[in-house]
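# Overview (structure and organization)
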Amino acid sequence: MEESSSSQQQNLPLNSQSEASFFAKGKTMDINYNDFELVIEQPVDFEALKVNGFDVEKFFTDQGWSQFFDILNGPVYPILVKDFWPRCEIFDKIEAEREYALKVAEDVRNNKGKTREQLGLRAFKETEIRSCVSGAEITLTQSNI
């Protein structure tokens, strides 16, 4: 019995044993869940290309690109997408500077001249899309896509 419960834990999409705190975030846009229509398509549809006279899949598989296209054309999870987008916000350089200035202003004497990390803020490297899905904080950047 114990063995089956541990195997079930391994199949969870989020690691409930990670000791990460639950992250709650309110909606940043007002959209009804059922009105949120997703268009799910394959970015590269080799079958459609073949039907239209362009049998090019072999050129990509010969160069070792099959795994990339499997990822690119991989599964889409509509419930997670519909949970992510209404809660997203853009965190750019202007927002990072505003966040830093507010933190310094809390205690100018002790905080002035400190780095973001020394003030307990996350390092800012590039624009981020921040959101929350099922209680987990999600951050998308150009470099992690």
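Residues numbered from 1 in each chain as written. Predicted model: local features only at pLDDT ≥ 70, side-chain atom pairs only at ≥ 80, totals over all residues. Heavy atoms only, no water.

The name given to the protein in an unreviewed UniProt entry is Cullin-like protein, and the organism recorded there is Trifolium medium.

## Description of the overall build of the protein
The number of helices and strands found in the protein is seven helices and three strands. Going residue by residue from the N terminus, the α and β elements of the protein occur as α-α-α-α-α-β-α-α-β-β. Out of the 145 residues in the protein, the part that is buried amounts to 18%. Considering only contacts in the protein between residues 6 or more positions apart, those separated by 24 or more positions represent 63%. (Helix = DSSP H or I, 4+ residues; strand = E, 2+ residues; numbered from the N terminus. Buried < 20%, exposed > 50% of the residue type's maximum accessible area, 1.4 Å probe, protein only. Contact = heavy atoms within 4.5 Å.)

## Side note on the environment of Phe36
Relative to the helices and strands, Phe36 is located in the loop between α1 (2-10) and α2 (46-51). Each C-alpha atom, one on Phe36 and one on Val81, is 9.7 Å from the other, the two residues being 45 residues apart in sequence. When near neighbours in sequence (up to four residues on either side) are disregarded, Phe36 contacts Ile31, Val81, Lys82, Trp85 and Pro86.

## Things to note about unusual backbone geometry
Trans peptide bonds make up the majority, and among non-glycine residues the majority have a negative phi. Unlike most non-glycine residues, Ser134 shows phi in positive territory, near 50°. Note on placement: Ser134 falls in the loop between β2 (128-133) and β3 (136-141).

## Observations regarding the side chain of Asp83
Looking at the secondary structure, you find Asp83 in helix α5 (residues 78-84). Among the polar contacts listed, one links the side chain of Asp83 to the side chain of Arg87, at a separation of 3.0 Å. (Polar contact = N/O pair within 3.5 Å; in protein donor to acceptor, adjacent residues only side chain to side chain.)

## Points about a nonpolar patch on the surface
Taken together, the side chains of Phe59, Phe60, Trp65, Phe68 and Leu72 make up a nonpolar region of the molecular surface, amounting to roughly 490 Å² of accessible area. Every element with two or more residues in the nonpolar patch is listed here: α3 (57-62) and α4 (66-72). (Patch = residues over 30% accessible without salt bridge, like charges linked within 9 Å, V, L, I, M, F, W, Y side chains within 5 Å. Areas by Shrake-Rupley, 256 points an atom, 1.4 Å probe, with all protein chains shown as cover. Salt bridge = Lys/Arg side-chain N within 4 Å of Asp/Glu carboxyl O.)

## Some points on the pattern of salt bridges
As enumerated under the stated definition, the model contains seven salt bridges in all. Notably, a salt bridge pairs Arg87 with Asp83, separated by 3.0 Å at the nearest N-O pair. With respect to burial, Arg87 and Asp83 carry one shared label: buried. Put simply, Glu128 and Arg130 hold a salt bridge, and the shortest N to O gap is 2.7 Å. Side by side, Glu128 and Arg130 carry an identical accessibility label, which is buried.

## Quick look at the sheet that holds strand β1 (residues 89-91)
With antiparallel pairing, three strands are arranged side by side in an open sheet as β1-β2-β3. Either end of the sheet is taken by a strand with one partner, and the two such strands are β1 and β3. Averaged over all pairs of adjacent strands, the angle between strand axes in this sheet comes to 35°, irrespective of strand direction. (Pairing = 2+ DSSP bridges. Axes fitted to C-alpha atoms, helices over the stretch in contact; angles between N-to-C directions.)

## Comments concerning the pairing of β2
In terms of burial, β2 is largely enclosed, as five of its six residues are buried. Pairing of β1 with β2 involves three bridges; the strand directions are antiparallel. Directly across from Ile90, in β2, lies its bridge partner Ile129. Pairing geometry for β2 and β3, over six bridges, is antiparallel. When the bridges of β3 are listed, Glu128 appears paired with Thr141.

## Considerations on the packing of aromatic side chains
In this description, a pair of aromatic rings is defined by centroid distance and the angle of the planes. Enumeration according to the criterion identifies eight aromatic pairs in this entry. Considering the side-chain rings of Phe84 and Trp85, the 4.8 Å spacing of their centres and the 90° angle between planes classify their relative orientation as edge-to-face. Residue Phe84 is classed as buried on the basis of its relative accessible area, which comes to 7%. Judged by centre distance (5.9 Å) and plane angle (65°), the ring pair of Phe91 and Phe124 falls under edge-to-face. Note that Phe91 is positioned in strand β1 and Phe124 in the loop between α7 (108-111) and β2, a separation of 33 residues in sequence. Taken together, the ring pairs connect Phe46, Phe60, Trp65, Phe68 and Phe69 into an aromatic cluster. Directly above the aromatic system of Phe91 lies the positively charged group of Arg130, at a separation of 3.6 Å from the ring centroid. (Phe/Tyr/Trp six-rings, centres within 6.5 Å; stacked < 30°, edge-to-face > 60°. Lys NZ or Arg CZ within 6 Å of the ring centre and 35° of its normal.)

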